[in-house]
Each structure stands twice: as structure tokens, then as C-alpha cells.
Amino acid sequence: MITRLTGCLQHAQHPAIDFIEEALYVSRQSLPIRSDTRKSSNDKGSSSEHRIASLRKSFELLGLAQNEIQKELTSLLPDPKQAMRSGYLRSLSELIGPRPTDRSWEDEWARLYFDMKRERGELKMATDDHIGEFSDLNSNSDSQSSLILEQRKEDGKEHIVAKNNKDVHLSKKSTIRNTNKNAKITSSWVTTQRFTWGPEDVPKGTAIDLTWIKMHQTPEALSDLNYQHKITEGIRQLTDAGRTLEESKIMTLLLLPRKQISEAMQKGDRKFAASTYTICEVFSRLCHQQEEEGNNYAPLLLFRPLTGGLNSLSYFDSEWLDIEKPDTRGFRGYCSLAAIRADASSHRFSEDGMNLWSVKNKRLEVVDSPVVGFLSSPENEEGYHAAIMFSKATGGNDDKLKGYFPPNCLFRVKEIREGGFAAPGDIWVKQKLIIVTATFRSPYPKRSETMLVSNKLCGSVTTLSYGNREVYVDGLDKLIPSKPLLTMSQEFERDYSWRDWHGVQYDIRKEWEYVNGISEEKTNCVSGVRDRGDHANLSPQNFLNRVNDRIASRREIGLGIGLNDRDAFLSMDEVLSVRLYSGPAYLPINTFLREISACSGEYRRILCNHPLRSFTATCRHISNAIRKIAAVATKSDVSKPLWRGVRGELKRSFWNLDEQGMICAVDTAFMSCSRSRDTPIQYMSQHTSNVLWKVQPASESDAAYHNGADISMLSQFPDEKEVLFPPCTMLVVRNKNPSDNGAPVSPDSKSSALWEQKDCRKFIQIEAKPAFV
């Protein structure tokens with residue numbers, strides 16, 4: 001075995017060959033010596049100890065070789081676009097930790113303001129490169145912070161000298177010095193243009209540091225309505241739209257440095273946490289207010305350029321550049337942590353594109369860029385889908401018509417118009433239009449107090465991660481690697497056997513051989529008759545053609561068209577993986593998933609990539625197949641409930657609402673459901689309490705799939721009529737009260753779960769809506 005391995009690596013010229021050859025050499029040194037009756041017991045003991053030490057060293061070296069192989073293999077495999085569809089369900093505390101108690105957003109303002117100005121190019125370091133730019137500025141200025149630079153020769157060398165006696169911004173790396181020995185050098189940044197915000201203009205060339213900002217550009221000074229500038233104009237627009245003065249000040253100021261806030265959120269950096277909580281809190285109030293007052297006056301489409309300058313979408317978040325690229329599930333979209341502004345004002349458009357404000361030239365300038373159109377729609381149980389409007393058209397005037405989407409909002413591509421589009425004001429814009437929908441939850445959901453009250457189709461209660469929405473958000477990519485190191489065929493060509501709950505033993509190689517051959521009808525199987533009727537005498541290619549023909553026919557009537565052709569049809573590996581799972585092999589596959597879900601970090605990585613235990617490739621193929629089949633589900637497919645049983649009793653803590661106001665359960669393994677209510681009940685325990693999930697499917701939404709895959713067409717046991725959901729499917733508990741429109745259960749709705757008894761089996765029935773991405 002080792003000789004074969006070294007041969008492969010020598011051909012690939014891999015550095016791991018050194019570890020393997022050394023391990024082979026050491027192990028050979030430990031081979032037992034032929035027994036010699038004349039050897040003393042001490043000699044025998046010494047030989048045994050030497051052998052143990054040598055084998056341990058060999059084991060260590062082979063482990064190092066395995067790590068080297070894994071690293072290079074991972075680096076050579078292509079990097080897929082990671083799935084981000086469920087990210088909008090993360091709470092603020094999960095993103096950046098709890099709200100700071102030692103500071104307010106005003107305390108963070110100076111750093112926010114400084115970082116924003118520097119990012120926008122309005123501040124530069126006062127280095128040798130800026131001599132000509134600043135040497136003739138502010139010669140008559142009385143500002144205590146003005147910086148005058150001039151070039152002088154001293155000791156045969158050129159120097160940049162600060163002429164004023166006050167605090168200045170100078171680079172420690174440059175040869176700048178002060179003419180006054182008492183002058184204190186405080187920083188190295190100067191303004192590159194005139195600042196027009198605040199009670200008085202700040203001249204070009206002014207020295208800037210955090211202390212200066214805290215004195216001259218405070219939130220109070222910038223929002224003083226006695227002065228007319230861009231910030232106070234924004235505050236007045238919000239107050240005119242019915243917002244309070246305090247809300248208007250906070251939103252106008254904190255939306256300016258939203259790039260800095262979102263970048264900190266992306267890194268989990270808490271330096272702007274107080275500002276993040278404050279802006280999300282106001283967004284939440286405005287969102288609820290807009291809902292309660294019925295003032296959802298967002299126009300059908302709001303717009304923003306994709307690229308082209310400081311105010312484009314890609315400036316605030318470069319991931320927008322890949323908005324059209326499908327992720328590993330074929331989903332085209334992005335969950336943005338930056339608050340997004342969009343407009344519908346006619347003056348924002350021209351024939352060549354959309355107009356954006358130029359910070360440098362202080363005017364609107366046309367941007368040669370594709371345009372993103374944000375499509376608003378009414379709220380539903382998944383969240384809000386309309387922009388929070390900061391202004392509205394009055395008297396036919398749309399000049400200030402704009403809205404925002406809050407941080408952590410999911411956007412999904414719905415349509416792409418390549419030949420141009422009609423913009424507000426009946427202007428035909430010759431740019432590509434990418435229409436997206438939005439889904440977001442209120443950052444501060446309406447909360448209530450806490451509510452208190454193995455067969456594939458009936459698992460153990462321990463298989464569910466109750467209330468753990470984070471498992472769903474992290475998804476399959478966090479559970480198993482996105483780049484499997486083994487192929488599925490390699491995973492099923494190992495020495496591996498197991499017994500089912502009836503004690504019947506199975507061999508993994510035989511299961512692989514069966515699904516790759518011609519199907520045969522077989523009676524007296526544990527799960528019934530295998531490949532009965534029209535499933536008999538079929539090759540893998542027959543099964544592949546059968547399922548893809550159905551997908552093609554349904555795409556012709558408009559189902560599943562959200563997926564590109566290359567992402568819509570099953571591959572042979574995906575067909576084989578479903579065939580495997582529908583038979584006895586489901587047990588080792590689900591066991592693998594539940595074992596790795598109990599681990600984290602390096603331990604999970606090791607188990608996922610273990611050459612003798614991993615089923616990563618198989619799990620990937622099954623999950624892909626589920627999404628492709630689920631994408632073409634008809635209304636009749638999702639009209640009836642599904643049923644799943646769980647042996648055991650729920651903990652009281654299950655009924656606690658989480659930070660998003662949800663009660664949910666997540667299964668980290670594949671979840672099988674039946675269309676028959678009685679099927680999972682017959683597998684329940686007669687000695688303990690049980691749970692019967694009434695899983696109410698629905699058509700796919702922008703946020704998630706809500707129906708599993710009916711795998712009967714591929715199943716080894718089609719009579720089970722099995723509907724399969726992928727790992728990390730979330731079940732969101734729902735009310736049974738029709739007046740609640742299917743919203744998540746609330747503490748005062750005690751009718752959502754009722755105890756029942758049937759055939760000596762006691763169970764509690766819970767209605768839930770499934771979701772997976």
C-alpha cells in the first residue's frame with residue numbers, strides 16, 4: 001500500500017514523499033526479529049519497546065504526509081462562490097457581539113469621520129509628494145490648525161518645513177520639521193479640498209487629527225440646522241418625511257460612513273459597534289413605523305449604479321461585482337452588510353447612464369455602469385422586502401425620492417435586461433439593468449416573553465439542534481468542506497460495513513456496485529420491496545434520463561428558471577448519490593454528518609477529510625440533487641403537508657424565542673419526510689414521549705427553498721414516497737391561528753402544539769415551515 005502511495009507522489013513530485021519514505025524506513029527498522037530461545041527476557045522487552053517507538057514515529061510521519069497532501073489538493077481544487085443566502089438571519093450580537101455599555105455612537109464619531117474622509121481621498125499624508133500641492137495654500141489664514149508647507153535647503157539637503165507655530169499634521173516618515181521648536185507635531189494628514197460641512201468651511205490644506213475633529217466637526221456642529229449644507233439638507237428631508245429630529249440626525253450622519261461601519265461588521269471588529277447598534281435601532285423603528293402606518297410608499301423600482309465612483313454599490317461592497325455569478329447552489333445574489341441607498345429621481349438619469357455625485361468635482365456626473373434596480377414588495381413571514389423611504393414624491397416632484405435598505409439585507413437577482421431600460425422621467429438608459437429583490441428582518445424584532453408549555457422518517461430527538469438558527473445560517477459550507485478531497489467513488493470503495501436497526505449487515509462496496517449496475521426487484525427488504533415495478537431493469541443512465549426529462553419539461557412551463565441550464569440538471573454522480581441514500585447507505589451518511597456536527601474547528605476539519613471516514617463528496621452530490629429537484633416543484637407538490645417523527649421529548653428551552661424572535665429547529669443531517677401521517681407514527685416509541693413534525697412546504701422564495709425533493713423517481717424504495725431535505729434545514733414553528741397569516745409562533749398562542757395519542761404512542765404535534773438554501 002505504501003509502495004503504491006510513494007509511486008503516485010513521486011510521479012507528482014510532491015514534498016510529502018519525504019515524510020512517507022522516512023516513515024517506510026522507520027517502520028522497516030521495527031520489523032520483529034525471529035524468535036531466539038537464547039535471548040533473555042530483557043532483550044525481548046527492549047526489542048518490543050524499540051518496535052513500539054518506531055511504529056509511533058512512522059504513524060506521526062504519515063500524519064504529516066497526509067496534512068501536506070490535503071493542503072496541496074485543497075489549493076489545486078477550484079474555489080466555488082460561497083453560499084450567503086441565509087446570512088440575513090444573523091443577529092447583531094452574532095455579527096459584532098453585544099452592544100457596548102462604555103460608549104455611545106458620538107464617542108466613535110471622530111474615528112468614523114476620519115476614516116471616511118481618508119477613504120474618500122479627502123485627506124492625504126503630508127509627505128514630500130505633497131510639497132507642490134500645499135506650498136501656496138492658506139498664506140493669509142488665521143486658522144489655528146492651518147498647515148503651510150514650503151521647501152528649503154539646509155545642510156545641502158531638501159526639507160519640507162511647516163511655517164506656522166500651531167499643531168500640524170506631519171509624516172513621521174518624511175523630512176518635515178517645524179520652524180518653531182515649541183510647535184507640537186500631532187499627526188500626518190491634511191485636507192485635499194475644502195470641507196463644506198459644519199458651521200464654517202474648512203480650507204484645503206488644513207491639518208486634521210482626531211482631536212481636531214472632536215473640536216470642530218462634532219455631530220452637534222454638523223447637524224446644526226442654523227447652517228445650510230449637505231448634512232442639514234438631509235436632516236430637513238427626513239423631518240419633512242415625518243421622521244423625528246433625533247432620528248433624522250442619526251440617520252443622516254451615520255449613513256455617511258456606512259462603508260466603514262460595514263467593513264468593521266464584516267471583520268467582526270467592534271470599534272464601531274455602538275454606531276452599528278444605533279443605526280440599526282433607528283432602522284428598526286422606521287421599519288415598524290412604515291409598516292404600522294401603512295406608508296409603504298416605496299416605488300416599484302429604485303436604482304443605483306453597480307460601479308463607477310465613491311457612491312456606487314461596488315464602492316461600498318466589492319462583492320456586488322459578482323452579483324450575477326451563481327454560488328455553489330446556483331443562487332445569484334448577495335447578503336450585504338452595508339446599508340444601501342437607492343433613488344428614483346428623474347434627475348439621476350441620462351441616456352448614457354445614472355448620475356452620481358462627484359466628491360472631487362462637486363456635481364452630478366454620469367456613470368458608465370450597469371444599473372441595479374431594487375424591486376420592492378409587501379412584507380411576509382420571512383421579513384420585509386420594501387425600501388425604507390427617506391423621502392417621497394410630492395406634487396409630482398420626484399427630485400428627492402430615495403430609500404434605504406438596512407445592513408445585513410439579502411438581494412437576489414430576478415431579471416437582467418441587457419438592451420437598456422426606461423428610467424423615471426421616461427428616459428431610455430442605454431445600460432444593462434439588473435433587477436434584484438430584497439429580504440431583511442428588522443434588526444430589532446418585536447419580542448415577547450418566553451413561551452413554556454431509527455428510521456429515516458422517525459429519528460432521535462438528539463438529532464435536532466433546537467433553537468439553533470446559527471447552524472442554519474452557517475449552512476452546509478460551515479458543516480463540511482466546499483472542496484471534497486475524495487470523489488464519491490473513492491468514498492464507496494473502502495472497507496466499511498454497518499448494521500441497521502434490524503441487525504442486518506451491509507457492505508459499502510456492494511451498495512456502490514448495486515447502484516452502478518442494472519436495478520433488480522427484490523422482496524423481503526427491511527424497507528419493503530426494492531426497485532419495484534418500473535424501477536426494475538434500469539441502468540444509471542436510464543434513471544438520469546428520467547429525472548432530467550422531467551426537469552426539462554417543467555422548465556418549459558416556467559418552473560426552476562431561476563437556475564442556469566448548467567445548474568439545473570442532475571449529473572450522474574448526483575443521481576447515484578440519491579440512489580445510494582434511498583437505500584441502506586443513508587445510515588453511515590447521516591451518522592457521518594451528525595458526528596462532524598458535534599465537533600468544531602480543527603477536529604471537524606480532520607474528520608471531514610479523513611480518508612477512511614469522510615462522506616463529504618456524497619453529501620455534496622445529494623444536496624445539489626435535492627435543490628435541483630426542489631426547484632421544479634409544482635403547486636400541487638407543495639400543497640400538502642409532510643410528516644416526520646422524532647423519538648424523545650423537547651426541552652422547555654426549545655420554546656424560547658431567539659434574537660430574531662423565532663422558534664426553530666435545525667437538523668444537521670439529511671431529513672426524510674413522508675406524505676403519510678401514519679408512517680412516522682408507527683416508528684415512534686411506546687415508552688417515551690415523541691414529537692410529530694407537521695412540515696408545511698411552500699414554493700421557493702427569494703430567501704430560501706421551502707419544499708424538499710420528492711426522490712421517488714430515483715429511490716430504491718419508491719413506495720416510501722420519500723421527500724428529502726438537505727442538511728441544515730431549518731423548521732420554523734408556526735401558529736395554527738389563520739389570522740396570524742402563518743407567522744412564527746408567539747408565546748400567547750398555545751394552540752400551536754397539542755399532545756395526542758395513537759396506537760399507544762404519545763406525541764406532541766408541531767407545525768413548522770421548512771427552509772434551506
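Coordinates for the structure precede this section.
In this text, all values refer to a predicted model and were calculated from it rather than measured experimentally. (Residues numbered from 1 in each chain as written. Predicted model: local features only at pLDDT ≥ 70, side-chain atom pairs only at ≥ 80, totals over all residues. Heavy atoms only, no water.)

**Q** I tried to follow the overall build of the protein on my own but got confused; where do I start?
**A** Helix and strand content of the protein: 23 helices and 38 strands. Expressed as a percentage of the 773 residues in the protein, the buried residues total 54%. When the accessible area of the protein is evaluated, it comes to approximately 36,100 Å², of which 48% is carbon and sulfur surface. (Helix = DSSP H or I, 4+ residues; strand = E, 2+ residues; numbered from the N terminus. Buried < 20%, exposed > 50% of the residue type's maximum accessible area, 1.4 Å probe, protein only. Areas by Shrake-Rupley, 256 points an atom, 1.4 Å probe, with all protein chains shown as cover.)

**Q** Looking at this model, I keep getting lost on the pairing of strand S19 (residues 402-405). Mind explaining?
**A** Each regular strand displays side chains that alternate between the two surfaces of the sheet. The side-chain alternation of S19 yields two buried faces, one formed by Lys-402 and Tyr-404 and the other by Gly-403 and Phe-405. Pairing analysis gives four bridges linking strand S11 (residues 340-343) to S19, with the strands arranged antiparallel. Directly across from Asp-343, in S19, lies its bridge partner Lys-402. For strand S18 (residues 388-389) and S19, the ladder comprises two bridges, and the chain directions are antiparallel. By the bridge assignment, Ile-388 is partnered in S19 with Tyr-404. (Pairing = 2+ DSSP bridges.)

**Q** Sorry if this is basic, but what is going on with the packing of helix H9 (residues 230-240) against helix H10 (residues 245-254) here?
**A** Axis angle and axis distance: for two packed helices, these are the angle between their axes and the distance between the axes, and together they describe the pair. Between H9 and H10, the least distance of the axes is 9 Å, while the angle of their chain directions is 135°. The pairing of H9 with H10 is recorded here as oblique in orientation. Read as a crossing pair, H9 and H10 show a hand that is right-handed. In this structure, H9 uses Ile-231, Gly-234, Ile-235, Leu-238 and Thr-239 to contact H10, whose residues at the interface are Leu-245, Ser-248, Lys-249, Met-251, Thr-252 and Leu-253. (Axes fitted to C-alpha atoms, helices over the stretch in contact; angles between N-to-C directions. Parallel < 35°, antiparallel > 145°, perpendicular 65-115°, else oblique. Left-handed = near helix turned anticlockwise from the far one by under 90°. Contact = heavy atoms within 4.5 Å.)

**Q** Looking at this model, I keep getting lost on the side chain of Asn-311. Mind explaining?
**A** With respect to the secondary-structure elements, Asn-311 resides in the loop between strand S9 (301-305) and helix H13 (313-316). By relative accessible area, which is 12% here, Asn-311 ends up buried. Excluding its chain neighbours within four sequence positions, the residues that come into contact with Asn-311 are Arg-120, Arg-304, Phe-316, Leu-356 and Trp-357.

**Q** What is the right way to look at the sheet that holds strand S12 (residues 349-350) in this model?
**A** Sheet strands associate in pairs through backbone hydrogen bonding, adopting either a parallel or an antiparallel arrangement. Pairing is antiparallel across the open sheet formed by three strands, whose spatial order is S12-S13-S14. Here the strands that pair on one side only, and so sit at the sheet edges, are S12 and strand S14 (363-367). Pairing geometry for strand S13 (residues 353-358) and S14, over five bridges, is antiparallel. Across the sheet, Leu-356 pairs through a bridge with Glu-365, a residue of S14.

**Q** When you look at a nonpolar patch on the surface in this model, what are you seeing that I'm missing?
**A** A cluster of nonpolar residues, Trp-501, Val-504 and Val-526, forms a patch on the protein surface that exposes about 250 Å² of accessible area. Relative to the helices and strands, Val-504 is located in the loop between strand S26 (497-499) and strand S27 (505-507). By relative accessible area, Val-504 is classed as partly exposed at 34%. (Patch = residues over 30% accessible without salt bridge, like charges linked within 9 Å, V, L, I, M, F, W, Y side chains within 5 Å. Salt bridge = Lys/Arg side-chain N within 4 Å of Asp/Glu carboxyl O.)

**Q** It is not clear to me how unusual backbone geometry should be interpreted in this structure. Could you clarify?
**A** What is expected of a backbone is that most residues other than glycine have negative phi and most peptide bonds are trans. Positive phi outside glycine occurs at Asn-537, with the angle close to 60°. Tracing the sequence through the fold places Asn-537 in the loop between strand S29 (528-530) and helix H17 (540-556). Taking relative accessible area as the criterion, Asn-537 reaches 62% and is therefore assigned exposed.

**Q** Just checking my understanding: could you explain the packing of aromatic side chains for this structure?
**A** The relative placement of two aromatic rings is captured by the distance of their centres and the angle of their planes. The final tally for this structure, using the stated rule, is 30 aromatic pairs. With centroids separated by 6.4 Å and ring planes inclined at 65°, the aromatic side chains of Tyr-113 and Trp-197 adopt a geometry described as edge-to-face. Taken together, the residues span a long stretch of sequence, with Tyr-113 in helix H5 (residues 105-119) and Trp-197 in the loop between strand S7 (189-191) and strand S8 (207-208) at a distance of 84 residues. Assessed through its relative accessible area of 1%, Tyr-113 is described here as buried. For Trp-197, a relative accessible area of 7% gives the class buried. Grouped by ring-pair contacts, the aromatic residues Phe-492, Tyr-496, Trp-498, Tyr-506, Trp-512, Phe-592 and Phe-615 constitute a single cluster. (Phe/Tyr/Trp six-rings, centres within 6.5 Å; stacked < 30°, edge-to-face > 60°.)

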